[in-house]
Amino acid sequence: MTPSPTPRLPLSRSQNRWGKLGLGLLLLPALLAPAPALAQDPAVPAFRNREQVSNYTYGNLVRDIKAGKVSKVEIDPNLEKGWVTLKGQAPEAAPETVRLFKNNPELIELLKKSKVNWGIRRTPDNSALLGLLTHLVIIGALIGLVVMVIRRSANASGQAMSFGKSKARFQMEAKTGVGFGDVAGIDEAKEELQEVVTFLKQPEKFTAIGAKIPRGVLLIGPPGTGKTLLAKAIAGEAGVPFFSISGSEFVEMFVGVGASRVRDLFKKAKENAPCLIFIDEIDAVGRQRGVGYGGGNDEREQTLNQLLTEMDGFEGNSGIIVIAATNRPDVLDSALLRPGRFDRQVVVDYPDLEGRTKILTIHSQNKKLAPEVELALIARRTPGFTGADLANVMNEAAIFAARRRKEAITLAEVNDAIDRVVAGMEGAPLVDSKSKRLIAYHEVGHALIGTLCPGHDPVEKVTLIPRGQAKGLTWFTPDEERALMTRSQIIARIAGLLGGRAAEEVIFGADEVTTGAGNDIEKITYLARQMVTKLGMSSLGLVALENEDSANYLGGDWGKRSEYSEEIGARIDQEVRWIVDAAHREALRILEENRALMDRLVDLLIDRETLEGDEFRQLVGEFQDKPLAGAAK
Ligand code: ADP
Ligand code: MG
Ligand code: ZN
């Protein structure tokens, strides 16, 4: 049986190799998954062979040899090919090629017999070479992978590789697109800073009469009150570029990096003058030098020194103004606050009622509000909110409205948004159970004391719908913009906070009290301690026994200092206990006297989940048959 080299036969060996290599390359990106033995598949189309098949077949060769037409045959076992020179062929004509098998004993036999001139031609066995290549590619890919991983981790671990290059970390905005119109509620600060715009726009107005233009302005205020916004607005109004960097960007692991960043920043700014440099959280670099545990921080000091040098360095009219922001002015190095540096200090405070209304107006401009939504009313509900909180409320309200598929934001969405911003996400209501009843008594206890104790803020609502960490909540409406609190008001608040625990005691007994009062008790202790140690509201007299909260171990202060003897310390604790005990007794008394009312309110609350303040007061009033404090509000 003579095998005929027809295309139907399995692929030749060398082609198998190529097939595998091709596959290998394809699969490399997929991390060298084991290559399926596709090349072995006999179903692989035979046309791959086409180019190598000439019309001259093995059969032709055998026939020609037998007929004595062949003058020379060369065989290459590796390529499985033969070259046949026929007799009488022109010398320059190419020999016929013919496909052969790896071993051709019959052919060789025949050649010997016919005395044809034949030989073996060996092309180098590139199958071995191909195998080597495949491996090289795989190894190369692996090395590449390892290098990539090493680079990544090097990048992540700081500037180890680019040490000293000081990547500029500041942002530059050619136009901030923010104006004073986008800032509301902090009018004093705005007025003060209006002047800075003039410094930037028309410095000659001041320099002409010999006035030096201030170099730095320090914005002081709690987070979210609009300090960054204000700085951007100044740049926007003056039409100058805005360079910003956060103080924490200066603080690096390596000494000198922060200082070189400061240099870079000022260099860039000088190229772009007039312009405004904004340094956020300057307390990160600007803390007092040479204090704090561990004797200070070289890197921070160098950075600060560089900053001071740069600020001293520019001429009076170079057109650069530095604005820095902080919420901890007390820890700043006094050298920063010296004239010629941040000598102007502008306080950016919490907005008042009118300010909040204006901020809400700004942040509802691009939102659809239902006509009944009165921004002044929302502002009334949100004392102590910053501009950022209010912006957040309006945004949450818009999200609620979209989720509820409403055409516009209604009061319900705004109220939910406020609750969410204050107390966290709403949870699913509890199922009726003993613990729900317990929570209801706890909350009604708060609300009832809040309503019956003179001087307490009025109840806004009581709810059993969990929110954030709380299982139930009693909201009070804080007295609008109350600047001061009286002693009896603080005591009333302590009693109100104790109302929850007191209710548990009255109804379930002292052994059945719960952990639900933990948070209340924390606040009570804080309030009572303040009365004794700071506000002079106890028999210890008018002495301040404690500093501003100074738990600050990063420098700037020497940790918490106690300014009193142990004996006084013991008396403070005693005074605190007396205040709390008195309030506790008062709360117990009120709740015991109103036991029946409490039961009724709890039943109603469990039924309805939420009771509004007005309704609550009305129920209490009906029951007691006398007018109530706070009901007028
Ligand atoms: P801060 O820098 O004081 O922490 P931001 O300036 O970053 O506060 O304020 C954050 C966002 O809150 C602002 O982008 C803005 O949308 C809003 N916001 C804060 N304060 C005000 C304000 N007074 N008027 C208008 N929007 C404000
Ligand atoms: Mg900011
Ligand atoms: Zn409570």
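Rules of the game
Residues numbered from 1 in each chain as written. Chains lettered and ligands numbered in written order. Predicted model: local features only at pLDDT ≥ 70, side-chain atom pairs only at ≥ 80, totals over all residues. Heavy atoms only, no water. Buried < 20%, exposed > 50% of the residue type's maximum accessible area, 1.4 Å probe, protein only. Helix = DSSP H or I, 4+ residues; strand = E, 2+ residues; numbered from the N terminus. Pairing = 2+ DSSP bridges. Expected span 1.5 Å × (residues − 1). Contact = heavy atoms within 4.5 Å. Donors = N, O, S within 2.8 Å, 3.2 Å for Na, K, Ca; no water. Axes fitted to C-alpha atoms, helices over the stretch in contact; angles between N-to-C directions. Parallel < 35°, antiparallel > 145°, perpendicular 65-115°, else oblique. Nonpolar A, V, L, I, M, F, W, Y, C, P; charged D, E, K, R; others polar. Left-handed = near helix turned anticlockwise from the far one by under 90°. Near = heavy atom within 4 Å. Polar contact = N/O pair within 3.5 Å; in protein donor to acceptor, adjacent residues only side chain to side chain. Areas by Shrake-Rupley, 256 points an atom, 1.4 Å probe, with all protein chains shown as cover. Domains from an automatic or database assignment. pLDDT = per-residue confidence, 0-100.

Engineer: Can you lay out the pairing of strand S8 (residues 275–280) for me, pointing to particular residues and giving the numbers?
Structural biologist: Judged by how many residues are buried, S8 sits mostly within the fold: 5 of 6 residues are covered. As defined by bridge partners, strand S7 (residues 242–246) adjoins S8 across 5 bridges and the pair is classed as parallel. Following the sheet pairing, Ser246 is matched in S8 by Asp280. Relative to strand S9 (residues 320–326), S8 is paired through 5 bridges, and the arrangement is parallel. Bridge assignment links Phe278 to a residue of S9, and that residue is Ile323.

Engineer: Describe helix H7 (residues 227–238), and please don't skip the residues or the numbers.
Structural biologist: Compared with an ideal rise of 1.5 Å per residue, which puts 12 residues at 16 Å, H7 spans 17 Å between its outermost C-alpha atoms and is within 8% of the ideal. Those residues of H7 that fall on the buried side of the exposure criterion are Lys227, Leu230, Ala231, Ala233, Ile234, Ala235 and Ala238. Tucked inside the fold, the buried residues of H7 contact helix H5 (187–201), strand S6 (216–220), S7, S8 and S9. Just downstream of H7 lies Gly239, where phi reads positive at about 70°.

Engineer: Lay out helix H2 (residues 58–66) with the relevant residues and their values.
Structural biologist: Those residues of H2 lying buried are Tyr58, Asn60, Leu61, Val62, Asp64 and Ile65. Where H2 is buried, its residues meet strand S1 (70–76), strand S2 (81–86), strand S3 (96–99) and helix H3 (105–114). Phi turns positive, to about 75°, at Gly68, one or two residues after H2.

Engineer: Explain the coordination of the zinc ion (ligand 3) to me, and be specific about the residues and the numbers.
Structural biologist: Six octahedral donors around a metal ideally sit at 90 or 180 degrees from one another, while four tetrahedral donors ideally sit at 109.5 degrees. Ligation of the zinc ion (ligand 3) by protein atoms is provided by His442 (NE2), His446 (NE2) and Asp520 (OD), these donors lying 2.1 Å from the ion. Going along the chain, you hit the donors of the zinc ion (ligand 3) in the pattern H-x3-H-x73-D. With His442 in helix H16 (residues 434–452) and Asp520 in helix H18 (residues 518–533), the pair connects residues that are 78 residues apart, well separated along the chain. For the pair shown, His442 and Asp520 are each scored as buried.

Engineer: Tell me about the packing of H16 against helix H19 (residues 566–593), and please be specific about residues and values.
Structural biologist: Think of two packed helices as two axes; the pair is described by the angle between the axes and how far apart they sit. As a packed pair, H16 and H19 sit with axes 10 Å apart at the nearest point and diverge in direction by 100°. The angle between the axes of H16 and H19 places the two elements in the roughly perpendicular class. For the pair H16 and H19, the contacting residues are Gly445, Leu448, Ile449 and Leu452 in the first and Ala587, Ile590 and Leu591 in the second. Looking at the contact of H16 with H19, its residues break down into 6 nonpolar, 1 polar and no charged.

Engineer: Account for the packing of helix H14 (residues 387–403) against helix H15 (residues 411–423), naming residues and giving values.
Structural biologist: One can describe the packing of H14 onto H15 by two numbers: an axis separation of 8 Å at closest approach and a directional angle of 125°. Considering the angle they form, H14 stands oblique to H15. As for the relative orientation of H14 and H15, their crossing is right-handed in sense. Residues Asn392, Val393, Glu396, Ala397, Phe400, Ala401 and Arg403 of H14 form the contact with H15, whose participating residues are Glu413, Val414, Asp416, Ala417, Ile418, Arg420 and Val421.

Engineer: So what's going on with the site of ligand 1? Residues and values would help.
Structural biologist: Ala184, Gly224, Lys227, Thr228 and Leu229 are the nearest of the 15 residues found near ligand 1. One of the backbone N or O atoms of Gly226 is found 3.0 Å from an oxygen atom in ligand 1. The backbone of Leu229 places a nitrogen or oxygen atom 2.9 Å from an oxygen atom of ligand 1. Alone, ligand 1 offers 560 Å² of accessible surface; in the complex the protein occludes 78% of this. Listed by contribution, the elements that provide at least two residues to the shell around ligand 1 are H7, helix H12 (353–363) and H14. The element best represented in the shell around ligand 1 is H7, accounting for 3 residues. Tallied by class, the residues present in the shell around ligand 1 amount to 7 nonpolar, 6 polar and 2 charged. Two domains each provide a minimum of three residues to the shell around ligand 1, namely domain 2 (169–347) and domain 3 (353–423).

Engineer: Pulling in residues and values, what's your account of the confidence of the model for the protein?
Structural biologist: The pLDDT averaged across the protein works out to 80; a share of 81% of its residues lies at or above 70. Taken element by element, the protein is modelled with least confidence in helix H1 (residues 13–27), mean pLDDT 38, and with most confidence in H14, mean pLDDT 94. With pLDDT under 50 throughout, residues 1–52 is counted as low confidence; its partners more than four residues away or in other chains account for 45 contacts. Low pLDDT, under 50, characterises residues 158–166; the predicted model gives this stretch 11 contacts beyond four residues in sequence or across chains.

Engineer: Just give me the short version of unusual backbone geometry, but keep the residues and values in it.
Structural biologist: Unlike most non-glycine residues, Arg405 shows phi in positive territory, near 55°. The topology assignment puts Arg405 in the loop between H14 and H15. What makes Arg405 exposed here is its relative accessible area of 76%.

Engineer: So what's going on with the sheet that holds S9? Residues and values would help.
Structural biologist: The 6 strands are arranged S5-S7-S8-S9-S6-S10 in an open sheet whose pairing can be described as mixed. The sheet is open, and its two borders are formed by strand S5 (171–173) and strand S10 (344–347), each paired with just one other strand. Direction aside, neighbouring strands of the sheet carry axes that sit 20° apart on average. Contacting S6, S8, S9 and S10, H5 crosses the sheet at an angle of about 140° to S10.

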